[in-house]
Amino acid sequence: MKVLFTATGSIGSRHITNFSALCASRGIPLEIDAVRYSDRVLPEAIAGKIRREIRDDSQLDEHYDILFVTDETKTHYENIIKYRERCDSMFIEKPIFDTLDYPIEAIRPKRAEDVYYVAAPIRFTQYVKKLKECVDNNKVYSARIIFSSYMPSWQPGRDYRKSFRCFNDRGGGVDVDLLHEIDYMIYLFGKPRKVHRVAGKFSHLEMDACDLATYIFEYGDKVVEMHLDYFGRVRNRQTELYTEDDVIVVDFNKQSCEHKVKEEAEPYEADDHFYQDEMAYFLDLYESKGRMQNINSPEAAYETLRITKGLI
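None of the values given here were measured: they were computed from a predicted structure.

Draft legend 1. Quick peek at the packing of helix α1 (residues 10-25) against helix α7 (residues 274-287). Close contact between α1 and α7 brings their axes to 10 Å; oriented N to C, the two are set at 60°. Looking at the two axes, α1 sits oblique to α7. Crossing of α1 over α7 shows right-handed handedness. Touching Arg14, His15, Asn18, Phe19 and Leu22 of α1 are Tyr275, Gln276, Met279, Ala280 and Leu283, all from α7. The residue makeup of the contact of α1 with α7, split by class, is 6 nonpolar, 3 polar and 1 charged.

Draft legend 2. Representation of the pattern of salt bridges within the structure. Scanning the model with the defined rule gives 34 salt bridges in all. A salt bridge links Arg170 to Glu72; the nearest nitrogen and oxygen atoms lie 2.5 Å apart. Placement of Arg170 in the loop between β7 (140-150) and α5 (174-177) and of Glu72 in the loop between β4 (64-69) and α3 (76-83) is noted, with a sequence separation of 98 residues between them. On the basis of relative accessible area, Glu72 is assigned to the partly exposed category, the value being 27%.

Draft legend 3. Main features of the packing of aromatic side chains. The tally for this structure, following the rule as stated, stands at 20 aromatic pairs. With a centroid separation of 5.8 Å and an interplanar angle of 70°, the aromatic rings of Tyr77 and Phe97 are classed as edge-to-face. Here Phe97 lies in the loop between β5 (87-92) and β6 (116-118) and Tyr77 lies in helix α3, a separation of 20 residues in the sequence. Pairwise contacts between aromatic rings join Phe5, Phe19, Phe68, Phe91, Tyr117, Phe124, Tyr281 and Phe282 into one cluster. Here the basic side chain of Lys2 rests over the ring of Tyr64, its NZ or CZ set 5.8 Å away from the ring centre. When the ring centre of Tyr187 is taken as origin, the NZ or CZ atom of Lys132, which lies over that ring, is 5.4 Å away.

Draft legend 4. Molecular detail of the side chain of Thr308. For Thr308, the position within the fold is in helix α8 (residues 298-308). Non-local contacts of Thr308, meaning those with residues more than four positions away in its chain, are made with Asp175, Val176, Leu179, Ile182, Arg197 and Tyr215.

Draft legend 5. Here's a closer look at the packing of helix α4 (residues 126-136) against helix α6 (residues 180-189). Close contact between α4 and α6 brings their axes to 10 Å; oriented N to C, the two are set at 30°. With respect to their mutual orientation, α4 and α6 come out roughly parallel. The chirality of how α4 crosses α6 is right-handed. Of the residues in α6, those touching α4 at Tyr127, Val128, Leu131, Lys132 and Val135 are Tyr184, Tyr187, Leu188 and Phe189. Split into classes, the residues belonging to the contact of α4 with α6 amount to 8 nonpolar, no polar and 1 charged.

Draft legend 6. The sheet that holds strand β11 (residues 231-243), seen in detail. With mixed pairing, 8 strands are arranged side by side in an open sheet as β8-β9-β10-β7-β11-β12-β13-β14. Lying at the two open borders of the sheet, with one neighbouring strand each, are β8 (194-200) and β14 (264-267). Sheet twist, expressed as the average angle between the axes of neighbouring strands with direction ignored, equals 15°. When β7 meets β11, the two strands line up antiparallel, connected through 9 bridges. In the sheet register, Tyr150 faces β11, and the bridge partner there is Phe231.

Draft legend 7. Inspection of the environment of Gln238 at higher detail. Its place among the elements puts Gln238 in strand β11. Through-space distance from the C-alpha of Gln238 to that of Val198 is 20 Å; in sequence the pair is 40 residues apart. For Gln238, the residues in contact, after removing those within four places along its chain, are Tyr127, Arg144, Ile145, Ile146, Val249, Val250 and Asp251.

Draft legend 8. Representation of the nonpolar core in the model. In this structure, Phe68, Tyr117, Met185, Phe189, Phe217 and Leu241 are the most contacted members of the largest nonpolar core, which totals 69 residues. Ranked by the residues each element gives to this core, the list is headed by α7, at 8 residues. In this view, Phe189 contacts Val135, Val140, Ala143, Tyr219, Lys222, Val224 and Leu241; residues no more than four positions away in its chain are not counted.

Reading the values: rules and limits
Residues numbered from 1 in each chain as written. Predicted model: local features only at pLDDT ≥ 70, side-chain atom pairs only at ≥ 80, totals over all residues. Heavy atoms only, no water. Axes fitted to C-alpha atoms, helices over the stretch in contact; angles between N-to-C directions. Helix = DSSP H or I, 4+ residues; strand = E, 2+ residues; numbered from the N terminus. Parallel < 35°, antiparallel > 145°, perpendicular 65-115°, else oblique. Left-handed = near helix turned anticlockwise from the far one by under 90°. Contact = heavy atoms within 4.5 Å. Nonpolar A, V, L, I, M, F, W, Y, C, P; charged D, E, K, R; others polar. Salt bridge = Lys/Arg side-chain N within 4 Å of Asp/Glu carboxyl O. Buried < 20%, exposed > 50% of the residue type's maximum accessible area, 1.4 Å probe, protein only. Phe/Tyr/Trp six-rings, centres within 6.5 Å; stacked < 30°, edge-to-face > 60°. Lys NZ or Arg CZ within 6 Å of the ring centre and 35° of its normal. Pairing = 2+ DSSP bridges. Core = buried A, V, L, I, M, F, W, Y, C linked by side-chain atoms within 4.5 Å.

Geometric values such as these leave the question of function open.
As structure tokens, this is what we get:
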């Protein structure tokens, strides 16, 4: 199998590591080429997995089985269009685009057996699996979803002000960066009928992209509230389900599911391999040649981005 990566940053390097290990475990010979713009020397653990660092298009092979789109969000569309004639299938890092200005109809596989998949790793967590179990087994009247964390502490030793997350023109902003929450909300409850959105820059953080996004999603039989921020000093990622018989709190960081009325709490399995699980799903999807369900096609990911921006 021959694959091409459009970048080798932290996300690209993680996918190189996981995909290499997966192919090795399945006995699939693998050749990786990676587009490089930086002079930064790659860590030996990553460099050793790459056949060729592409500095010029003349170095590209005529054909690759899979393109991994792992560059900054603002260049996703450009690189998808640039490499699509050379590559059969694609793994596109989330979010699919930085804005809604790109024509989604241009992002289609050339053949029915080819697969274009947009990353949705949180769907593979025990957190979302536990939420799905609770939603399926209870009558939910209302839900509250929160992701709050202090973004400058995410990458110790790096200046957060240089991160793409801080800049609108680089695809930053808490609403786009953290659309994981909206993605799994749609997975759990379906597409909402209406959305009310308030988002902007409110904290002391040095950035021009929004650092807070709040939503109210209206469904026919329920309402979902959501809070996303970059400035919360205490890590908080959880969902509260207000049901007919109970109040259920599923906590990502504590790895617990608490039933408030029943006064019961149960831990669940640690979420330490969901990126690997997603990659295994993608390889299965690719090898199915269109027979398996694609849980996050470009069209679906584009709809999620629309809802993130407050549009239905």
